[in-house]
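Spelled out from the first residue to the last, the chains are:
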Amino acid sequence: MKKRFLQNVRFAPAPSPFVQNDFFHLKTKAFLIHKLSESTNLFLTSLLHTLTLKIGFASDTFTVNHLINRYVKLREINTARKLFDEMPEPNVVSWTSVISGYNDMGQSQTALCMFQEMHEDGYVSPNEYTFASVFKACSALAELRIGKNIHARLEISRCRGNTVVSSSLVDMYGKCNDVEIARRVFDSMIGYGRNVVSWTSMITAYAQNARGHEAIEIFRSFNASSTSDRPNQFMLASVISACSCLGRLQWGRVAHSVVTRSGYESNNVVATSLLDMYAKCGSLSCAEKIFLRNRSDSVILYTSMIMALAKHGLGKAALELFEEIVAKRIKPNYVTLLGVLHACSHSGLVNKGLEYLNTMNEKHGVTPDPRHYTCVVDMLGRFGRVDEAYDLAKTIEVGAGQGALLWGALLSAGRLHGRVDIVGEASKRLIQSNQQVTSAYVALSNAYAVTGGWEDSESLRLEMKRSGNVKERACSWIEIKDSVYVFHAGDLSCDESGEIERFLKDLEKRMKERGHRGSSSMITSSSVFVDVDEEAKEEMVNLHCERLALAYGLIRLPVRSTIRIINNLRMCRDCHEAFKLISEIFERKIVVRDVNRYRFKSESFDAKGLNEIACKK
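Calculation rules
Residues numbered from 1 in each chain as written. Predicted model: local features only at pLDDT ≥ 70, side-chain atom pairs only at ≥ 80, totals over all residues. Heavy atoms only, no water. UniProt positions renumbered as here; feature names shortened; annotations may be inferred. Salt bridge = Lys/Arg side-chain N within 4 Å of Asp/Glu carboxyl O. Helix = DSSP H or I, 4+ residues; strand = E, 2+ residues; numbered from the N terminus. Buried < 20%, exposed > 50% of the residue type's maximum accessible area, 1.4 Å probe, protein only. Expected span 1.5 Å × (residues − 1). Arc of directions from axis to C-beta. Contact = heavy atoms within 4.5 Å.

Identification of the protein as DYW domain-containing protein from Arabis nemorensis is taken from an unreviewed UniProt entry. We quote the UniProt Sequence similarities (unreviewed entry) comment for the protein here in full: "Belongs to the PPR family. PCMP-H subfamily."

Next comes the structure, spelled out in structure tokens:
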């Protein structure tokens, strides 16, 4: 093959002896670059590399840059770096190609180190693509401090005011959770133009930082702008994600219609976002339709559906779908197995969950990490095996962020089963690590209250106030038509307060007629953590925010329509039981989404169709 290449290279007529060498080199260089651009495998690229050395182009920066770029695209970053290190005069393209290559290989830290080398070398200045690659590395590492330092360098460079760089900068600040600076950079781009990438970066920044309203507003501004750009799949996926976070089903449906008009409904990224949105907004039937319409061998789509079923408490259906993945020889990833463990946790399949944990490495090649163990700790604690959960938690080595989730799960289990010792240990761990401090104080105070230790409970509450830890105020919201109505616990300051209060009192009577023993029967262990009499406790529970939202929904929504409520905190056990009975009384399907899962309360709700999902072809 080498011989044939050389024959092709040498086939060049020479018009005169004086230009023969120049013409030969020009023809050869064009040939090499053309072949490198066509090369799609390592063997051919290696042959071209050998040819480059043999005919004396090892010192030609232009040719070697193409060779480096080809190795980068073939993910041979070590070979690309070796070539770079041997270059006598690397230029900005050489530096940028290797930095970009390290990014593509997930070696973002090395990419940043190489940029620092470039800065210290001082002979070559970065261009817009260099800055874009470095900001991408900062995004991957969430390195805000380094990102700001490089931003300062950008401001004094000739690349300031470049759309590509600014878009990368918006993305970097968004991924580092500094949305305000991201917005300032985005707003500064008015002077030199925004493209669809710029708009997408800003929408994504808001969506990923739980600021869905702003994300939707930016999308509306994009549609109203004079740009000729159309939304791409990444923008639409971010808009749908914003609707998911807000629990805005109507907005999600509008976004779905935009997806359909734009022709992205069969795109895997968009389809997965739509499935997730419908599931989080409580419309599992729509999520099922998206899944069946886009059914493929995509592990991401399967994983999203498994997660949706798990969060909706349909564990058996989720496990059947997982078995379908295994049967189709689709390799599950760590998120898929996390979904399986969630399914077991939310459906009481404890032994099955332990079996999956112990065999996931052997059967599926997925090594359990702290996220999987945290899910199992939650599963064991949820179903009363608190000591096993505690023993497992002590054996897991985790960082601060994941440790907060681990000990937070154990704290919830101890509180649920009245284990003050476990609540105390988990709270101590959280407070010492400065993670979820407020939740730890509240849980420990509540645990003391459950066992009658009102003085200890009050003492902790006072300590919270002295240390400046303020509990997040409980609120629930309900969407009616295109408006959202928010209710806070104990707050009846809305215009319809009298109507809601009368409705709740009448509802309490109807519940007691159905055999409900009254809210106070369970309040002392789950719902009210202050030392008051039973009548006062019953009144306090009746003013829980989810009950206020439910009453408003029953008053305002059409008969037999589904009521969907979203809570910012976990739903108490008393409200959980009461909603079951209310669903029966009014023959209404009620869906409540809280921080842990979706709670269905409906006498007529039939999960059989969803359980059959894994059997549909």
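J.: Teacher, can you tell me more about the pattern of salt bridges here?
T.: What the rule picks out here adds up to 27 salt bridges. Between Lys 148 and Asp 178 there is a salt bridge, with its nearest N and O atoms 3.9 Å apart. Note that Lys 148 is positioned in helix H9 (residues 144–155) and Asp 178 in the loop between helix H10 (163–175) and helix H11 (179–188), a separation of 30 residues in sequence. Residue Lys 148 is classed as partly exposed on the basis of its relative accessible area of 37%. The salt bridge involving Glu 425 is made with Arg 429; its shortest N-O contact spans 3.1 Å. Of this pair, Glu 425 and Arg 429 both sit in helix H25 (residues 420–432), 4 residues apart, which is roughly one turn of that helix. Residue classification places Glu 425 among the buried positions, given a relative accessible area of 18%. Owing to a relative accessible area of 33%, Arg 429 belongs among the partly exposed residues under this scheme.

J.: I keep staring at H9 and nothing clicks. Help me out?
T.: Think of an α-helix as 3.6 residues a turn; residues three or four steps apart then line up on the same face. Along its 12 residues, H9 runs 16 Å from first to last C-alpha, staying within 8% of the 16 Å computed at 1.5 Å per residue. Taken residue by residue, H9 has Ile 146, Gly 147, Ile 150, His 151 and Leu 154 as its buried positions. Relative to the axis of H9, the buried residues are bounded by an arc of 140° and lie together on one face. On the buried face of H9, the contacting elements are helix H7 (108–121), helix H8 (128–141), H10 and H11.

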